[in-house]
Amino acid sequence: MWEFPRTRYADCNGSEASEETEIAVNIGGVKHILYGGVLNRYPETRLAELLNRATGSTQEDLCALCDDYDDLKREFYFDRDPEAFKCILELYYYGEIHMKRGICPMCFMREMDYWGIDADYLDECCIISLNEVQTELAEIAEKVKTILDDLEDDATVTRGQRFQAFLWKLMEKPESSLAARVIAVVSFAFILLSSVVMCVGTIPELQVEDAQGNLVEHPTLESIETACIIWFTVEYILRFLSSSNQLRFVFSFMNIIDFLAIMPFYVVLILTHLGSAIMELANVQQAVQALRIMRIARIFKLARHSAGLQTLTFALKSSLKELGLLLMYMSVGIFLFSALGYTLEQSHPETMFTSIPQSFWWAIITMTTVGYGDIYPKTTLGRCNAAVSFLCGVIAIALPIHPIINNFVIVYSKQRVLETAAKHEIELMALRAKEEAQACPEAGRTASAGSSSVWDSAAVSASQSDTYIPLLGDPANMSKGQSTHKCKNN
């Protein structure tokens, strides 16, 4: 049994002297002298527990709360991050914790768990940073789960379910096999071919006359178009049949695009075979033309095979606020300068500004720096108004451009980081699972003899990397925004 030395110090009023227990802790080579009055402000923490056990516990009990203890120096040693510990000490002196720049938020959460400090003591700015990291880790976990699902071979599923999963990977995941990659390339080629055929078919020199003397597409181009539509139809049906949630598949945005790309062909085919009497109706002919124009929707199918287009879509989604501001600025400017232009040009006998709504077109092409020249001011004040509207349009367009470009760079970099982190996590999990199998040969023989694989839940939970993935852990521990990773006490 032993006791810490007592030290006399002046209290905060400077009028009285009191005695208080102090402890010496060494955090990663940095020594700190901590006083009981400060540590007991938060008695549930590790340091406060260490202080309270100091006068009535054995050396073995105290060593259970630290990594090592020097009896001669009466100093506790902790193999922890000294920079993170400086942030931990802020709780005892200021009542809240701020993470310093350069400290990983998830690693810092493990430090807080080790010292027995709740995440609620984090400052609001640090909580925001922590939530961003947890969101990224959740996305990495989703990618990891997807990869693991591809690697797993569940023996409990039926042959039909196994074939459905195989077909889904074949049609939706080009990276899963060579055949899936070939199908993706062929589908991409058909999209480009059909788009080219649609454009070339509008050239008058390549069109032929039908029985009524109307110009129609060349039969060869129609045959190529039919072949492309057959491919798109078979692809859509196979993807629909292999989907695990067919209702969600039908109402997915990209699948709606796919449906709109093939639907006009069959509608026109039905109307054509209903008879010439129906096709002679003007409304039906206009409908057919509109349906043919809808074929341009198939160009959006490229987004399914282009990571760059998908990144651009995500970037535009995250920039809706900036795009809204741009639209608002332009709307105000268009209304203001069109009204001024109409008013200032009324004195000219050959004015082109006949009304304010008609002046909207002039304001739009001026503020967007297009300037077709079909309408322009003729008075001096009107030209001054045009110059000001031009400058305001340049400024209004330039202001939100940088945030939009920045969002695109952030989204693109994030996608690359997530893909790299997911692959790295898989490699670490496989490596650590292999090490555990070598360290425990009996467990390895049992696993090889049974139906489990190295990717079962036990192996996954035991082989996590230092970057903890919340979705691979216990969801019950994800309360109050805290990390579920619990450091073991040495």
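Residues numbered from 1 in each chain as written. Predicted model: local features only at pLDDT ≥ 70, side-chain atom pairs only at ≥ 80, totals over all residues. Heavy atoms only, no water.

Of the regular secondary structure elements, the chain holds 19 helices and seven strands. For the chain, buried positions account for 33% of its 490 residues. Entry remark: accessible area of the chain is about 28900 Å², with carbon and sulfur atoms responsible for 62%. (Helix = DSSP H or I, 4+ residues; strand = E, 2+ residues; numbered from the N terminus. Buried < 20%, exposed > 50% of the residue type's maximum accessible area, 1.4 Å probe, protein only. Areas by Shrake-Rupley, 256 points an atom, 1.4 Å probe, with all protein chains shown as cover.)

Residues with a pLDDT of 70 or more make up 77% of the chain, whose mean pLDDT is 76. Per-residue pLDDT, averaged within each element of the chain, yields its smallest value for helix H19 (residues 457-462) (38) and its largest for helix H16 (residues 356-367) (92). Of the regions scoring below 50 in pLDDT, residues 446-490 engages in 81 contacts with residues more than four places distant in sequence or in other chains. (pLDDT = per-residue confidence, 0-100. Contact = heavy atoms within 4.5 Å.)

Residues lying three or four places apart along an α-helix face the same way, a consequence of the helix completing one turn every 3.6 residues. When the terminal C-alpha atoms of helix H8 (residues 178-200) are compared, their 33 Å separation across 23 residues agrees well with the 33 Å that a helix rising 1.5 Å per residue should span. If you check which residues of H8 are buried, you get Ala180, Ile183, Ala184, Ser187, Ile191, Ser194, Ser195, Val197 and Met198. Those residues of H8 that are buried are in contact with helix H7 (159-172) and helix H9 (219-242). Taking the backbone nitrogen of alanine 180 as reference, a side-chain oxygen 3.2 Å away marks serine 177 as the first, capping residue of H8. (Expected span 1.5 Å × (residues − 1). Polar contact = N/O pair within 3.5 Å; in protein donor to acceptor, adjacent residues only side chain to side chain.)

Taken as a whole and judged by the stated rule, the model has 16 aromatic pairs. Judged by centre distance (6.4 Å) and plane angle (45°), the rings of tyrosine 236 and phenylalanine 259 are tilted. Of the two residues, tyrosine 236 sits in helix H9 while phenylalanine 259 sits in helix H11 (residues 253-273), which places them 23 residues apart along the sequence. Judged by relative accessible area, which is 14%, tyrosine 236 ranks as buried. Aromatic pair phenylalanine 335 and phenylalanine 360: ring centres 6.5 Å apart, planes at 45°, arrangement tilted. Pair noted here: phenylalanine 335 is in helix H15 (residues 320-344) and phenylalanine 360 is in helix H16, with a separation of 25 residues, a long-range link. One aromatic cluster is present, formed by Phe78, Phe85, Tyr114 and Trp115 through successive ring pairs. Seen from the ring of tyrosine 114, arginine 46 lies directly overhead, with NZ or CZ sitting 3.8 Å from the centre. Positioned above the aromatic ring of tyrosine 114 is the side chain of arginine 80, whose terminal nitrogen or guanidinium carbon lies 3.9 Å from the ring centre. (Phe/Tyr/Trp six-rings, centres within 6.5 Å; stacked < 30°, edge-to-face > 60°. Lys NZ or Arg CZ within 6 Å of the ring centre and 35° of its normal.)

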